[in-house]
Amino acid sequence: MTYAQRVIEQVKAKNANEPEFIQAVTEVLTSIEPALAAHPEYEEAGLLERLVEPERVVMFRVPWVDDQGKVQVNRGYRVQYNSALGPYKGGLRFHPSVNLSIIKFLGFEQCFKNSLTTLPMGGGKGGADFDPKGKSDGEVMRFCQSFMTELSRHIGADTDVPAGDIGVGAREVGYMFGQYKRMRNEWTGVLTGKGLSFGGSLARTQATGYGLVYLVQELLAQSDDSLEGKTVCISGAGNVAIYAAEKAQQLGGKVVTMSDSTGWVHDPAGIKLDVVKQIKEVERGRISAYAERVEGAEYHDGRGVWSIPCDIALPCATQNELFIEDAKALVANGCKVVAEGANMPTTLDATDYLVESGIAFFPGKASNAGGVATSGLEMSQNSERLSWSFDEVDAKLNGIMVNIFHAAADAAEEVGQPGNYVVGANIAGFNKLANAMMAQGIV
Ligand SMILES: NC(=O)C1=CN([C@@H]2O[C@H](COP(=O)(O)OP(=O)(O)OC[C@H]3O[C@@H](n4cnc5c(N)ncnc54)[C@H](OP(=O)(O)O)[C@@H]3O)[C@@H](O)[C@H]2O)C=CC1
Ligand SMILES: O=C(O)CCC(=O)C(=O)O
């Protein structure tokens, strides 16, 4: 057994009821074997054992009162995973499925992703099993205030800087920022994804989706190709999906699918994004409404996006939403590129199948890093007390995504696995983090 395999077994034994966390650790540690082989000193320093164990896990009660006057209690989390590269940084997820396994896998992934951005950010993640769907603004505000009342003890502009994720957008970040400021009596860049009137960065809303497509654009450019005329399948209809679709369309791609947790739409003529934005960003409604409003579009209950033939697939909804049968359908239908907008949307066997089939497959820690990178740029602007223009931030985002593509491609090439961007991204992210951890001693 190799060092990595032994640590994977330890993680499985210690965290037996955390399947998503085990999945993320298995993917990363398996793919960095070549980097570990070049550094036997890592084993003596217990580097992997320290890497897989979060520096701190905070789990807390979030009591709040609903519109009927009834007391509700949710469970909140913040996993402060690794601070070797900078303050803990990563989003907050509000979704009924949230549990420790999901927050730990997201925090673990975030460490490598943030390393890939080259900005000084450590890794963290948090959230709660609260469902904002169907709640009034008042209920969401009271929940956010209660959540921040506890979280505020553990975060700070130089300690831990949360942001949005599933179920946490501008509204929730605004309520949490207001409560933090009220409790601390200080205005600091303690959260990113803030409103533009109080320290938010232009282009942060678009950044994850735009960044994903910038990376795909750079990949295609390597063979003098572009998005022009390409058919694109996207899952999800939230922040990442909407802005991935917008950028893909701006670059000449035709986006034909989007989805939510109840079903999916296929519009062979190309998704009308203004309709999706109205349904999702304004009405907070269901994607089924799209087919009621757009002639020629079909709505289907359940899953099915990956059955539609496409050149490029961008899974942008949630973890484990692209399975082995989906991977087989994509390959059979001639898909050439799969780039993850969501975190770990592709199962391990589906990932292996896509890579072995010669698909250019990009793991989320590389391809969706534009969001957190732009959060890093928001932190810089807050520290400077300045705001940069949209074009300035967008150009920096583009540059970061181009760099991430080449960092992953070069690392894969160096270990003799050209085109394996899973190996490349994991090794590139790991190398910098490992270097920092070794330099900082046994902590
Ligand atoms: N926002 C960001 O900056 C970043 C986000 N990510 C990742 O991107 C993904 C999407 O996040 P984001 O767009 O911000 O979140 P949103 O809440 O804006 O949108 C999430 C979308 O995914 C769908 N979805 C959520 N859970 C499920 C599920 N269990 N099954 C099927 N569909 C589901 C939602 O449908 P419904 O409305 O029905 O719930 C919605 O369409 C996540 O994996 C997130 O971690 C990664 C990097 C940065
Ligand atoms: O912008 C951030 O800090 C967090 C983004 C995020 O949660 C992610 O990259 O998954």
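Residues numbered from 1 in each chain as written. Chains lettered and ligands numbered in written order. Predicted model: local features only at pLDDT ≥ 70, side-chain atom pairs only at ≥ 80, totals over all residues.

Concerning the domain arrangement of the protein
- The domain architecture assigned to the protein consists of domain 1 (56–186) and domain 2 (206–367).
- Contact residues are listed per partner, giving eight residues for domain 1 and seven residues for domain 2.
- In the side of domain 1 that touches domain 2, the residues fall into five nonpolar, one polar and two charged. (Domains from an automatic or database assignment. Contact = placed C-beta atoms within 7 Å. Nonpolar A, V, L, I, M, F, W, Y, C, P; charged D, E, K, R; others polar.)

With respect to the packing of helix H7 (residues 137–151) against helix H8 (residues 170–184)
- Relative to each other, H7 and H8 sit at 45°, their axes nearing to 8 Å. Judged by the inter-axis angle, H7 sits oblique to H8. Helix-helix and strand crossings are classified by hand; for H7 and H8 the assignment is right-handed. The segment H7 lies against H8, with Val 140, Met 141, Cys 144, Gln 145, Phe 147, Met 148 and Thr 149 engaging Arg 171, Glu 172, Tyr 175, Met 176, Gln 179, Tyr 180 and Met 183. (Axes fitted to C-alpha atoms, helices over the stretch in contact; angles between N-to-C directions. Helix = DSSP H or I, 4+ residues; strand = E, 2+ residues; numbered from the N terminus. Parallel < 35°, antiparallel > 145°, perpendicular 65-115°, else oblique. Left-handed = near helix turned anticlockwise from the far one by under 90°.)

Some remarks on the sheet that holds strand E11 (residues 337–339)
- Strand order in this open sheet of seven strands is E9-E8-E7-E6-E10-E11-E12, and the pairing throughout is mixed. The open sheet is flanked by strand E9 (298–301) and strand E12 (360–362), the only strands paired with a single partner. Each adjacent strand pair in this sheet contributes to an overall mean axis angle of 15°, direction not counted. (Pairing = 2+ DSSP bridges.)

Points about the site of ligand 1
- In the vicinity of ligand 1 lie 23 residues, with Gly 238, Asp 260, Ser 261, Ala 342 and Gly 371 positioned nearest.
- It is helix H10 (residues 239–250) that provides the largest number of residues to the shell around ligand 1, a total of three residues.
- Grouping the constituent residues of the shell around ligand 1 by class yields seven nonpolar, 13 polar and three charged.
- Composition of the shell around ligand 1 by domain shows at least three residues from each of domain 1 (56–186) and domain 2 (206–367). (Near = placed C-beta within 6 Å.)

Things to note about the sheet that holds strand E5 (residues 160–163)
- Across the sheet, which stays open at both edges, the five strands sit in the order E1-E2-E4-E3-E5 with mixed pairing between neighbours. Looking at the sheet topology across the chains shown, the edges are occupied by strand E1 (56–65) and E5. When the angles between neighbouring strand axes are averaged without regard to direction, this sheet yields 20°.
- Relative to strand E2 (residues 71–82), E1 is paired through 10 bridges, and the arrangement is antiparallel. Paired with Arg 61 across the two strands is Arg 75, which belongs to E2.
- Relative to the sheet, H7 contacts E1, E2 and strand E4 (123–128), its axis offset from that of E1 by approximately 145°.

Structural notes on the UniProt feature "binding site: substrate" (unreviewed entry) in the protein
- On the UniProt side, "binding site: substrate" (unreviewed entry) is annotated at positions that read Lys 89, Gln 110, Lys 113, Gly 164 and Ser 375 here.
- Considering the arrangement of structural elements, one finds Lys 89 in strand E3 (residues 88–94).
- Residue Lys 89 is classed as buried on the basis of its 29 C-beta neighbours within 10 Å.
- Of note, Gln 110 is situated in helix H6 (residues 100–117).
- According to the C-beta neighbour criterion, Gln 110 is buried, with 26 such atoms within 10 Å.
- With residues up to four places along the chain from it excluded, the contact list for Gln 110 reads Tyr 81, Gly 90, Gly 123, Gly 124 and Lys 125. (UniProt positions renumbered as here; feature names shortened; annotations may be inferred. Buried ≥ 20, exposed ≤ 12 C-beta atoms within 10 Å, placed from the backbone.)

Thoughts on the nonpolar core
- Counting 138 residues, the largest nonpolar core has Leu 215, Ala 244 and Ala 408 as the members making the most contacts within it.
- Ranked by the residues each element gives to this core, the list is headed by helix H17 (residues 390–414), at 11 residues. (Core = buried A, V, L, I, M, F, W, Y, C linked by C-beta atoms within 7 Å.)

Comments concerning the UniProt feature "active site" (unreviewed entry) in the protein
- Within this numbering scheme, the UniProt entry marks Lys 125 as carrying the feature "active site" (unreviewed entry).
- As for its placement among the helices and strands, Lys 125 is situated in strand E4.
- Given 30 C-beta atoms within 10 Å, Lys 125 falls into the buried group.
- Other than its neighbours up to four places away in sequence, Lys 125 contacts Val 79, Gly 90, Gly 91, Ile 103, Leu 106, Gly 107 and Gln 110.

A look at the site of ligand 2
- Around ligand 2 sit 13 residues, and of these Gly 91, Ala 163, Asp 165, Val 372 and Ser 375 come closest.
- Residue assignment for the shell around ligand 2 shows that the elements contributing at least two residues are E3, H6 and helix H16 (370–384).
- Residue composition of the shell around ligand 2, by class: two nonpolar, eight polar and three charged.

Examining the environment of Tyr 353
- Along the chain, the position of Tyr 353 falls in helix H14 (residues 348–356).
- The buried category is assigned to Tyr 353, around which 21 C-beta atoms lie within 10 Å.
- For Tyr 353 and Ile 324, which are 29 residues apart along the polypeptide, the C-alpha to C-alpha distance reads 7.3 Å.
- When sequence neighbours within four positions are dropped, the list of residues in contact with Tyr 353 reads Ile 324, Ala 327 and Lys 328.

Some remarks on H17
- Given a rise of 1.5 Å per residue, 25 residues ought to cover 36 Å, and the 36 Å separating the end C-alpha atoms of H17 matches this to within 8%.
- Within H17, burial applies to Val 393, Asp 394, Leu 397, Ile 400, Met 401, Ile 404, Phe 405, Ala 407, Ala 408, Ala 409, Ala 411 and Ala 412.
- Summarising the contacts, the buried residues of H17 are in contact with H6, helix H9 (204–221), helix H15 (364–367), H16 and helix H18 (421–439).
- Backbone geometry just after H17 places Gly 416 at a positive phi near 75°. (Expected span 1.5 Å × (residues − 1).)

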